[in-house]
Amino acid sequence: MTKIDIFSGFLGAGKTTLIRKLIAEAYQGEKLVLIENEFGEIAIDGGFLKDAGVEITEMNSGCICCTLVGDFTKALKKVMADYAPDRIIIEPSGVGKLSDVAKAVSGVEGAEIGAKVTLVDAGKCRMYMRNFGEFFNDQVENADLIVMSRTDTASPEKILAATELLKGINGHAGLITTPWDKISGKQIAEAMDENGLKAEMERLAHEHHEHHHDHEHDEHEHHHEHDEECSCGCHDHEHEHHHDHEHEEHEHHHEHDENCSCGCHDHDHEHHHHADEIFTSWGMETPRKFSEEELRSLLSALGDEERFGTVLRAKGILDSSDGDWIYFDYVPGESDIRRGAAAVTGRFCVIGSKLKEQALKELFNIE
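Residues numbered from 1 in each chain as written. Predicted model: local features only at pLDDT ≥ 70, side-chain atom pairs only at ≥ 80, totals over all residues. Heavy atoms only, no water.

Examining the overall build of the protein
Here's step 1: A tally of regular secondary structure across the protein gives 13 helices and 13 strands.
Here's step 2: Across the 367 residues that make up the protein, the buried fraction comes to 47%.
Here's step 3: Taking the contacts inside the protein whose residues are at least 6 apart along the sequence as the reference set, 74% of them involve residues at least 24 apart.
Here's step 4: By element, 47% of the accessible surface of the protein is carried by carbon and sulfur atoms, the whole surface being about 19700 Å². (Helix = DSSP H or I, 4+ residues; strand = E, 2+ residues; numbered from the N terminus. Buried < 20%, exposed > 50% of the residue type's maximum accessible area, 1.4 Å probe, protein only. Contact = heavy atoms within 4.5 Å. Areas by Shrake-Rupley, 256 points an atom, 1.4 Å probe, with all protein chains shown as cover.)

Describing the side chain of R87
Here's step 1: Relative to the assigned elements, R87 resides in strand β4 (residues 87-91).
Here's step 2: Residue class for R87 comes out buried when judged on its relative accessible area of 9%.
Here's step 3: Engagement of the side chain of R87 in a polar contact is seen with the side chain of D5, the distance being 2.5 Å.
Here's step 4: When neighbours within four sequence positions are excluded, R87 is seen to be in contact with K3, D5, Y27, E30, K31, L32 and V33. (Polar contact = N/O pair within 3.5 Å; in protein donor to acceptor, adjacent residues only side chain to side chain.)

Examining the packing of aromatic side chains
Here's step 1: Here the structure, examined in full by the defined rule, presents 10 aromatic pairs.
Here's step 2: When the ring of Y128 is compared with that of F136, the centres are 6.3 Å apart and the planes differ by 55°; the resulting orientation is tilted.
Here's step 3: Looking at Y128, the relative accessible area reads 3%, which means it is buried.
Here's step 4: Classification of F136 by relative accessible area gives buried; the value is 2%.
Here's step 5: Considering the side-chain rings of W282 and F364, the 5.7 Å spacing of their centres and the 65° angle between planes classify their relative orientation as edge-to-face. Here F364 lies in helix α13 (residues 357-364) and W282 lies in strand β8 (residues 280-286), a separation of 82 residues in the sequence.
Here's step 6: Given the relative accessible area of 0%, F364 is considered buried.
Here's step 7: The rings of F10, Y128, F132, F135, F136 and F279 are connected pair by pair, giving a single aromatic cluster.
Here's step 8: The ring of F135 carries K97 above its face, with NZ or CZ at 5.2 Å from the centroid.
Here's step 9: Positioned above the aromatic ring of F290 is the side chain of R288, whose terminal nitrogen or guanidinium carbon lies 4.1 Å from the ring centre. (Phe/Tyr/Trp six-rings, centres within 6.5 Å; stacked < 30°, edge-to-face > 60°. Lys NZ or Arg CZ within 6 Å of the ring centre and 35° of its normal.)

Digging into the pattern of salt bridges
Here's step 1: For the coordinates displayed, the defined rule picks out 18 salt bridges.
Here's step 2: For the salt bridge of E334 with K124, the shortest nitrogen-to-oxygen distance reads 2.8 Å. Within this pair, whereas E334 is found in strand β12 (residues 334-340), its partner K124 is found in the loop between β5 (111-121) and α5 (125-131), the two being separated by 210 residues in sequence.
Here's step 3: By relative accessible area, which is 32% here, E334 ends up partly exposed.
Here's step 4: Classification of K124 as buried rests on a relative accessible area of 7%.
Here's step 5: A single salt-bridge network, built from bridges that share partners, covers D121, K124, R150 and E334. (Salt bridge = Lys/Arg side-chain N within 4 Å of Asp/Glu carboxyl O.)

What to know about the nonpolar core
Here's step 1: Ranked by internal contacts, the top residues of the largest apolar core, which has 42 residues, are F10, L76, I88, I90 and V105.
Here's step 2: Here this core takes 5 residues from helix α4 (residues 98-106), the largest share from any one element.
Here's step 3: Those residues in contact with F10 that sit more than four places away from it in its chain are K15, G94, V95, L119, Y128, F132, F135, F136, Q139, F279 and L312.
Here's step 4: Counting 26 residues, the second-largest nonpolar core is a separate cluster that includes L18, I183, A189 and A191. (Core = buried A, V, L, I, M, F, W, Y, C linked by side-chain atoms within 4.5 Å.)

Focus on helix α7 (residues 156-169)
Here's step 1: Across its 14 residues, α7 extends 20 Å between first and last C-alpha, which sits within 8% of the 20 Å expected from 1.5 Å per residue.
Here's step 2: Of all the positions in α7, only I159, A162, T163, L165 and L166 are classed as buried.
Here's step 3: Taken together, the buried residues of α7 touch β5, α5, α6 (133-141), β6 (145-149) and β7 (174-176). (Expected span 1.5 Å × (residues − 1).)

Re the confidence of the model for the protein
Here's step 1: When pLDDT is averaged along the protein, the result is 78, and 70% of the positions lie at 70 or above.
Here's step 2: When pLDDT is averaged over each element of the protein, β6 comes out on top at 97 and helix α9 (residues 234-255) at the bottom at 38.
Here's step 3: In the predicted structure, residues 61-69 sits below a pLDDT of 50 and forms 23 contacts with residues beyond four places in sequence or in another chain. (pLDDT = per-residue confidence, 0-100.)

Okay, structure coming up:
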């Protein structure tokens with residue numbers, strides 16, 4: 001059996017950064033294969049992983065949840081046959097549903113899911129849950145381990161609020177809130193193994209408890225009449241359950257309003273959207289040179305939803321006017337610009353919802 005770890009997470013949560021940390025600090029000596037799926041036309045992240053000796057199968061034919069039956073399964077079987085790795089790391093698209101990825105993996109003979117890890121940006125948890133809950137919540141619900149990112153910059157209040165929201169969706173997953181520079185990749189890998197096992201043990205214990213409880217309940221009903229003075233706790237249980245249900249409904253309606261775009265109000269029709277129905281991408285290769293000042297101004301402008309649509313992620317490698325190449329990452333409200341080695345050509349990608357491509361072309365001054 002080949003162990004397969006899945007690293008899910010919404011756009012810009014830090015999946016590639018965490019995988020890089022684990023490769024450097026936890027997976028030394030293992031024969032690794034990374035399968036990553038980019039939502040969008042331009043793959044940006046592959047270079048450094050090739051330098052680390054990891055084979056990469058990039059599938060840019062579309063969203064992973066749209067290609068699971070075809071490309072994804074075929075790619076997984078191929079890397080298992082061609083490389084016989086100790087471990088396969090799957091990094092799905094940021095808008096891929098973890099349930100779809102896990103289902104596809106479980107259907108491949110010889111593949112064994114080790115851990116399902118979901119990364120969550122501590123400062124953007126509430127926003128993504130409200131606006132893109134169909135995709136974000138699926139990633140959280142199906143995780144064995146939730147790893148928060150950017151807890152070194154988010155306020156304690158935001159971290160606490162995110163913790164409560166995440167526990168409300170998935171109370172069984174392990175949760176890491178410590179900033180990544182304070183813990184080792186080995187500690188994270190141990191938590192992955194521990195929580196994968198814990199989730200399975202909890203599931204088995206829950207099934208046993210349910211079976212045992214139903215059996216006891218049948219006997220209890222037969223031998224015992226319940227009245228107002230009953231001390232068995234049944235009335236308290238019903239009261240607590242009813243209160244919790246009301247509380248959950250109140251929270252649900254409090255978080256979502258009529259302008260919400262997450263599709264929660266279509267719940268009765270079930271959630272079966274593909275990512276490419278909700279999200280779009282625009283990007284290209286370009287030899288054009290950018291100054292750092294120009295790029296900072298450009299990235300700060302991406303927050304204008306009326307002008308550009310909802311930009312959720314942008315990243316790229318661009319030639320600069322001063323000779324050094326510029327690497328950039330953008331998520332709403334934050335951008336990171338750094339210098340790096342030259343690429344064969346400049347390339348960038350913008351991902352979001354209802355993107356206005358013409359306005360983006362004008363912003364990047366790309367013909």
